[in-house]
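Examination of the molecular architecture
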Amino acid sequence: MKTSIKLLFALFSISIILVSCKDENSIQTYFVDHQEKPEFLSFDIAADVIDFSKADLNKEEQEAYQSIKKLDVLAYKVNDQNKDTYGQELEKAKAVFNNKKYDELMEFKDNGVNVKINTYGKNDKVDEFLVLASSKEMGFTIVRVLGNNMKPEQLMKLSNKIQNADVDQAQFKNLMDIFK
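Residues numbered from 1 in each chain as written. Predicted model: local features only at pLDDT ≥ 70, side-chain atom pairs only at ≥ 80, totals over all residues. Heavy atoms only, no water.

Attention shifts here to the pattern of salt bridges. All chains considered together, the criterion is met by 8 salt bridges. The salt bridge partner of Glu-89 is Lys-92, with a shortest N-O separation of 3.3 Å. Here the residue Glu-89 and the residue Lys-92 both occupy positions in helix H4 (residues 83–97), the gap between them amounting to 3 residues, near one helical turn. Residue Lys-92 is classed as partly exposed on the basis of its relative accessible area of 41%. Connected through shared salt-bridge partners, Asp-44, Lys-70, Asp-72, Glu-128 and Arg-144 make up one network. (Salt bridge = Lys/Arg side-chain N within 4 Å of Asp/Glu carboxyl O. Helix = DSSP H or I, 4+ residues; strand = E, 2+ residues; numbered from the N terminus. Buried < 20%, exposed > 50% of the residue type's maximum accessible area, 1.4 Å probe, protein only.)

Below, the structure is given as structure tokens:
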């Protein structure tokens, strides 16, 4: 009986420690907390929806493509009824991107769209790329690129080849529909 009480107390202590260590400002927590909300659109895209067979990839670009597992997408479309909430949700998303565990890769503006790209992982071998794109007129989208040992410089070269790739448009239809 005494042993079972000690075991129960030990398990209780461990569970309290694990719950208290939860990172409220992680991208994973943000996705989980928001993906079921009606104002958000959430979906996953497998890496194989982009067929690079016609793009003539070199060895380095092929490695980059194979390092990507999937993309998680979370989008919020702004409209007249949710402009106040949009600002609050965008600030929450920005707070996640400012988490010290993510490294900022770049930030820029293009045609009224603010884009921030962060990474998670070791400097030369990244496990996640995080992209936050926002516009006051359209809303914001978070794209989480998951993979194994992705190399930023290889992925930049690969992104240039997307023009020659065959992309399954049906996978992106939901995202395009939300911003129409």
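And the narrative resumes.
Relative to the elements of secondary structure, Asp-72 occurs in strand E3 (residues 68–77). On the basis of relative accessibility, which here comes to 6%, the residue Asp-72 falls in the buried class.

Right, let's talk about helix H3 (residues 59–66) for a bit. Residues Glu-61, Ala-64 and Tyr-65 constitute the buried set of H3. Burial along H3 is one-sided: seen end-on, the buried residues are contained in an arc of 100°. Residues Lys-59 and Gln-66 are exposed on H3 and point more than 90 degrees away from its buried face. You can read the cap of H3 off the contacts: a side-chain oxygen lies 3.0 Å from the backbone nitrogen of Glu-60, and it is on Asn-58. (Arc of directions from axis to C-beta. Polar contact = N/O pair within 3.5 Å; in protein donor to acceptor, adjacent residues only side chain to side chain.)

Unfilled space is identified by rolling a water-sized probe across the atoms. Here the second largest pocket defines a volume of roughly 170 Å³. Here the lining of the second largest pocket is built from residues that sort into 4 nonpolar, 3 polar and 4 charged. (1 Å grid on protein atoms, 1.4 Å probe; cavity = no way out; pocket = protein on both sides within 12 Å on 5 of 7 lines; lining within 4 Å. Points joined across faces, edges and corners; volume = space filled by probe spheres on them. Nonpolar A, V, L, I, M, F, W, Y, C, P; charged D, E, K, R; others polar.)

So, on to the sheet that holds E3. Read from one edge to the other, the open sheet built from 6 strands follows the order E1-E3-E7-E6-E5-E4, with strand pairing classed as antiparallel. With partners counted over all chains shown, the strands left at the sheet margins are strand E1 (40–46) and strand E4 (103–110), one partner each. Each adjacent strand pair in this sheet contributes to an overall mean axis angle of 15°, direction not counted. Relative to strand E5 (residues 113–121), E4 is paired through 7 bridges, and the arrangement is antiparallel. Paired with Glu-104 across the bridge in E5 is Asn-118. Strands E1, E3, E5, strand E6 (126–135) and strand E7 (139–150) of the sheet are contacted by H4, whose axis makes an angle of about 155° with E6. (Pairing = 2+ DSSP bridges. Axes fitted to C-alpha atoms, helices over the stretch in contact; angles between N-to-C directions. Contact = heavy atoms within 4.5 Å.)

What follows deals with the confidence of the model for the protein. Mean pLDDT over the protein works out to 78, with 72% of the residues at or above the 70 mark. Between residues 10–22, whose pLDDT stays under 50, and residues either more than four places distant or in other chains, the model counts 1 contact. (pLDDT = per-residue confidence, 0-100.)

As for its position among the elements, Ser-42 is in strand E1. According to the relative accessible area criterion, Ser-42 is partly exposed, its value standing at 27%. Counting along the chain gives 10 residues from Ser-42 to Val-32, while the straight-line C-alpha distance between them is 9.9 Å. For Ser-42, the residues in contact, after removing those within four places along its chain, are Gln-35, Val-73 and Leu-74.

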